[in-house]
Amino acid sequence: MAQAFATMMDGTRREVPVEVNGNLFRVPVNGIPQDTKSLEIHLDDFCATAGTDGYFLIPTVTESNRPSGLVRFHPRTDTEYVSAASNLPLFGIKNGSHAVLAIMRGMNIFYDLVYGVRDGKYYLHPRIRLNGEAPYEPPEILLLNLYGEEADWAGMARAYRRYQIERGACVPLRERAKKYPVLAETARGTLIRIRLAWKPVPPPVLEQTPETEPPVFAAVTLKRCGEIIEECHRKGIRNLEFSIVGWNIGGHDGRWPDVFPVEPKIGTEEELKALIRKAKEYGYLFSNHANAIGSYAISSRRKESMLLRDRDGKPCNGGQWGGGQSSQLCPKATHHLRVEDMEKYVELGFRGTQYYDAISMIQPLPCHHPDHPLNPRETGEWRGKTLALAREKIGASASEGGMDFAIGCFDYALYAIFELNPKRPEICDEYVPFWYIVYHGILTYNSFCESVNGMVKKDPDLMLRNLEYGGRPLAYFYAKFMHAGDNWMGNEDMCCATDEQLRFSVDAIAKTQKLFETISDLQYEFLDEIRILAPGIESSRYANGTTLVFNCTNAEYVHCGKRIAPHSFARFDR
């Protein structure tokens, strides 16, 4: 059974009704009082006694785009933790031989998971944030019961994958590739992103004009980009996709939503067309990086009426990047800009995975502009329309993270989660690769930020972990670009300022692509299990029976009679 409690803006608390229909629990909208600050839904299944064999599954432990984790029912002192902004709208419990997966089906964007232990009793419940606003849909939770081999965290991941496919939220990669052949090509190879130009970050000028705009630094011209492609072709590397970043006016995050003209410091539009033709002649995909969320005062296309507004009517600001202080755009009010840009991208000849920054990495905010109001779900749907448009026109679509509110509309995540192993809160006992089991075989992705440029980083296991979790290799020329602050993709970079640097980088790409081609067929398969065999030895089991065993130690490891060298892997087919 279930109970729901509303905490009012004045701090008082009252119980509200819950409707039960089998395993579906719903709180009627008309039963939620006005001025509710938050709504908690307490489910009987999500309690356990300390010492019980089991755990809670938390889909995103610390903050959005971080790993999933397990909270085991160890005896411990009273404590409570709150996780916000889950990438996946769910939570779970394993209690002995039985497991329950809870799926948030309504009001599932702005909520927290509250979990802890008090007097030896563990508890877990969602807390939906309303902040005095009426809910735009009834909060709902669907429970799925799991038994036997399905009653663990990996079984919960498989169950959620089945749920998403069966309800039509997404389509397996194998099926989508029949309609969109670009997807079949992307699954076979390494993605190479090349950052061409950018302004200083953090920005010295927040509200820029053409007169006060900081100078653009061009690290890679279109001519030099062509030389990278030539070297890849000369080395005989197949199945690559190139994506250029910062080719637009002002460079990376320069003047959004302005895109054109091509930034003069890197070349001309005719040179860009020639570069795209060259890539196609060599059999390579060629796509670009764009932004549909952020905007800057320097833009000639931005209008105040386009901005996403908060409940007080003020613009919703984002981060401070090359163009200065960014403000979020309403995806509905600016969809016509995406259509205009897409027509130009098609004219230029782009074919590949069109990338839109941050769309699947940050929660969709409501828009309170009176001319184009949106609730969070509608904002997410309009973001999805941008991604779907890119797929239809360019061949595939991509964004930065792994939030799944628009999962049916995009094909690639630049990093599925942000960090592989951030500091764990004390209540979390271990991280588990839950997201990858859910969405491998549906999306392609790079597994985490640290695995960007794994082929040139000193830690050999970063690339292995990316492959273990089902990722595609990601090479990024000038991933490191901030002149102050954290370069979140690492400080070991891929460069091409000299011919020696260019050849070194391409050699690393060639080696990685050759390795990836031995397992790239598995991009179409569901990933059913990732488990530890021994310290530093882990295996990834796919639905077709193939298993990959990864040796992240300094000693040889023998598995099923096959010797696996240190810092390498072996494939075992059924």
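Since this is a predicted model, take the numbers as computed values, not measurements. (Residues numbered from 1 in each chain as written. Predicted model: local features only at pLDDT ≥ 70, side-chain atom pairs only at ≥ 80, totals over all residues. Heavy atoms only, no water.)

A. Structural detail: the overall build of the protein. Per the secondary structure count, the protein includes 10 helices and 34 strands. In terms of C-alpha radius of gyration, the protein reaches 24 Å, essentially the compact-globule figure of 25 Å for 574 residues. When each of the 574 residues of the protein is scored for burial, the buried share is 61%. Here the analysis covers contacts within the protein between residues at least 6 apart in sequence; of these, 69% occur between residues at least 24 apart. (Helix = DSSP H or I, 4+ residues; strand = E, 2+ residues; numbered from the N terminus. Rg over C-alpha atoms; globule rule 2.2 N^0.38 Å. Buried < 20%, exposed > 50% of the residue type's maximum accessible area, 1.4 Å probe, protein only. Contact = heavy atoms within 4.5 Å.)

B. Structural detail: the packing of helix α5 (residues 269-281) against helix α6 (residues 335-348). The contact between α5 and α6 brings their axes to 9 Å, and the two run at 60°. On α6, the residues touching Glu-269, Leu-272, Lys-273 and Ile-276 of α5 are Lys-344, Glu-347 and Leu-348. Split into classes, the residues belonging to the contact of α5 with α6 amount to three nonpolar, no polar and four charged. (Axes fitted to C-alpha atoms, helices over the stretch in contact; angles between N-to-C directions. Nonpolar A, V, L, I, M, F, W, Y, C, P; charged D, E, K, R; others polar.)

C. Structural view of the packing of aromatic side chains. Scanning the model with the defined rule gives 27 aromatic pairs in all. Here the aromatic rings of Tyr-436 and Tyr-469 are separated by 4.9 Å at their centres, their planes lie at 25°, and the arrangement is stacked. On the criterion of sequence distance, the pair formed by Tyr-436 in helix α8 (residues 434-439) and Tyr-469 in the loop between α9 (461-468) and β28 (474-477) is long-range, its members being 33 residues apart. By relative accessible area, which is 9% here, Tyr-469 ends up buried. Stacked on the ring of Phe-481, the Lys or Arg Arg-195 has its end atom at 4.0 Å from the ring centre. Stacked on the ring of Trp-382, the Lys or Arg Lys-385 has its end atom at 3.8 Å from the ring centre. (Phe/Tyr/Trp six-rings, centres within 6.5 Å; stacked < 30°, edge-to-face > 60°. Lys NZ or Arg CZ within 6 Å of the ring centre and 35° of its normal.)

D. Representation of the state of the cysteines in the model. Using the criterion set out here, one finds zero disulfides in the structure. Cys-409 carries a free sulfur, and the closest cysteine sulfur to it, the one in Cys-170, is 11 Å from it. Classification of Cys-409 by relative accessible area gives partly exposed; the value is 21%. Note on Cys-449: no disulfide assigned, nearest cysteine sulfur contributed by Cys-495 at a separation of 18 Å. By relative accessible area, which is 1% here, Cys-449 ends up buried. (Disulfide = S-S within 2.5 Å.)

E. Structural view of the sheet that holds strand β22 (residues 324-328). Ordered by their spatial adjacency, three strands build an open sheet running β20-β22-β21, and the pairing between neighbours is antiparallel. The sheet is open, and its two borders are formed by β20 (294-295) and β21 (317-321), each paired with just one other strand. Bridge count between β21 and β22: three bridges; the pairing is antiparallel. Paired with Trp-321 across the strands is Gly-324, a residue of β22. (Pairing = 2+ DSSP bridges.)

F. Region of the structure containing the nonpolar core. Ranked by internal contacts, the top residues of the largest apolar core, which has 127 residues, are Phe-242, Leu-272, Phe-286 and Phe-434. Of the residues forming this core, the biggest block, seven residues, is contributed by helix α1 (residues 153-166). The residues contacting Phe-286, other than those within four sequence positions of it, are Ile-229, Phe-242, Ile-244, Leu-272, Leu-275, Ile-276, Ala-279, Phe-350, Arg-351 and Gly-352. Counting 37 residues, the second-largest nonpolar core is a separate cluster that includes Leu-39, Val-100, Tyr-115 and Leu-124. (Core = buried A, V, L, I, M, F, W, Y, C linked by side-chain atoms within 4.5 Å.)

G. Quick peek at the pattern of salt bridges. For the coordinates displayed, the defined rule picks out 45 salt bridges. The residue Asp-429 makes a salt bridge to Arg-76 at a minimum N-O spacing of 3.0 Å. Of this pair, Asp-429 sits in the loop between β25 (412-413) and β26 (430-432) while Arg-76 sits in the loop between β8 (68-72) and β9 (79-84), and the two are 353 residues apart along the sequence. Arg-76 sits in the partly exposed class, given a relative accessible area of 23%. Through salt bridges with shared partners, one network takes in Glu-269, Glu-270, Lys-273, Lys-344 and Glu-347. (Salt bridge = Lys/Arg side-chain N within 4 Å of Asp/Glu carboxyl O.)

H. Structural detail: the sheet that holds strand β30 (residues 537-542). Across the sheet, which stays open at both edges, the four strands sit in the order β29-β30-β31-β34 with antiparallel pairing between neighbours. Looking at strand neighbours, the two that pair on one side only are β29 (527-534) and β34 (568-572), the edges of this open sheet. Shown here is a sheet whose adjacent strand axes are inclined to one another by a mean of 20°, direction ignored. Across five bridges, strand β31 (residues 547-551) lies against β34 in antiparallel orientation. Across the sheet, residue Val-549 finds its bridge partner in β34, namely Ala-570.

I. Region of interest: the pairing of strand β24 (residues 395-399). Counted residue by residue, β24 has five buried out of five residues, so it is predominantly covered. Pairing between strand β23 (residues 352-356) and β24: four bridges, direction parallel. Across the sheet, the residue bridging to Gly-352 is Gly-395, located in β24. Since β23 and β24 lie parallel, the crossover through helix α7 (residues 376-394) that links them has a hand, and here it is right-handed. Where β24 and β25 come together, two bridges link them in parallel fashion. Note on β25: the bridge partner recorded for Ala-398 is Tyr-412. (Right-handed = clockwise from strand over helix to strand, strands pointing away.)

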